[in-house]
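Summary of the model geometry
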Amino acid sequence: MQDAFGGVINMLFVILFLLIIIAVLGLVVSYTKAFKMKNLVISHIENYESSGCFENGDGSACKLKIIDSARGLGYGPKNIKCPADFVKVDNLFCYKEDVSENLGNHISDRPTSYRVITQVDLGLPLISNIFGINMFQVVGDTRVIETKDLFGS
């Protein structure tokens, strides 16, 4: 009878080990999706020079490309949490615009860069609540986008 209990305990250790390995692999896949989504959003913002990437509605080409990229990756966090000074866009990513004279020597009137945040979707509420969701966010910055101020303001 004693050997039977030893076998059950060994089986529990094997099952626990497999569950931990599966959870780590799931986290890696989700992190990879969030990282690729961040890179795609930054790429689209730079290609379109931020024109129409943040509008409400789905009419602009930039926003449609971002949404198509998210669908192609299978990226769609359930509820992205943005920091206080960031703006949420279609529950896919958050951004903050940085218009500054301190971005270096530039020829434009408004040198602008954007900080983009995407979120890793864990799907495990217990882990999300214990570790806090900010720990599982991916942050990136665009290059400086130079635009001319046409109205002279």
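Our subject is the structure listed above.
The rules behind the values
Residues numbered from 1 in each chain as written. Predicted model: local features only at pLDDT ≥ 70, side-chain atom pairs only at ≥ 80, totals over all residues. Heavy atoms only, no water. Core = buried A, V, L, I, M, F, W, Y, C linked by side-chain atoms within 4.5 Å. Buried < 20%, exposed > 50% of the residue type's maximum accessible area, 1.4 Å probe, protein only. Helix = DSSP H or I, 4+ residues; strand = E, 2+ residues; numbered from the N terminus. Contact = heavy atoms within 4.5 Å. Salt bridge = Lys/Arg side-chain N within 4 Å of Asp/Glu carboxyl O. Patch = residues over 30% accessible without salt bridge, like charges linked within 9 Å, V, L, I, M, F, W, Y side chains within 5 Å. Areas by Shrake-Rupley, 256 points an atom, 1.4 Å probe, with all protein chains shown as cover. Disulfide = S-S within 2.5 Å.

**Some points on the nonpolar core**
Counting residues in each nonpolar core, the largest one holds 27 residues, and the members touching the most others are V41, I45, F54, I66, Y75, L92 and F93. Elements that contribute at least two residues to this core include exactly α1 (2-47), α2 (61-73), β2 (93-99) and β3 (110-119). With five residues, the single largest contributor to this core is α1. Beyond its immediate chain neighbours, meaning those up to four positions away, I45 contacts S50, C53, F54, Y114, V116, T142 and I145.

**Focus: the side chain of S69**
Within the fold, S69 resides in helix α2. With a relative accessible area of 15%, S69 lands in the buried category. Setting aside anything within four residues of it in sequence, one finds S69 in contact with M37, L40 and H44.

**Some words on the pattern of salt bridges**
Oppositely charged side chains can form a pair if their charged atoms are brought close together. Here the structure, examined in full by the defined rule, presents four salt bridges. The partner of D85 in a salt bridge is K96, and the shortest N-O contact between them spans 3.4 Å. With a gap of eleven residues between them, D85 in the loop between α2 and β1 (87-89) and K96 in strand β2 connect regions that are remote in the sequence. Across the salt bridge formed by R115 and D141, the nearest N and O atoms sit 2.7 Å from each other. Residue R115 is located in strand β3, and its partner D141 is located in strand β4 (residues 137-141); the two are separated by 26 residues in the primary sequence. Taking relative accessible area as the criterion, D141 reaches 42% and is therefore assigned partly exposed.

**Observations concerning a nonpolar patch on the surface**
The grouping of M11, V14, I15, F17, L18, L19, I21, I22 and L25 at the surface amounts to a nonpolar patch, some 880 Å² of accessible area in total. What makes I15 partly exposed here is its relative accessible area of 43%.

**Remarks on the state of the cysteines**
Here is the idea: a disulfide is a covalent bond, and it sits between the sulfur atoms of two cysteines. Scanning the entire structure with this criterion turns up two disulfides. Linked covalently through their sulfurs, C53 and C62 form a disulfide whose S-S length is 1.9 Å. Measuring handedness by torsion sign, the sulfur bridge of C53 and C62 sits at about 95 degrees and is right-handed. On the basis of relative accessibility, which here comes to 1%, the residue C53 falls in the buried class. Judged by relative accessible area, which is 1%, C62 ranks as buried.

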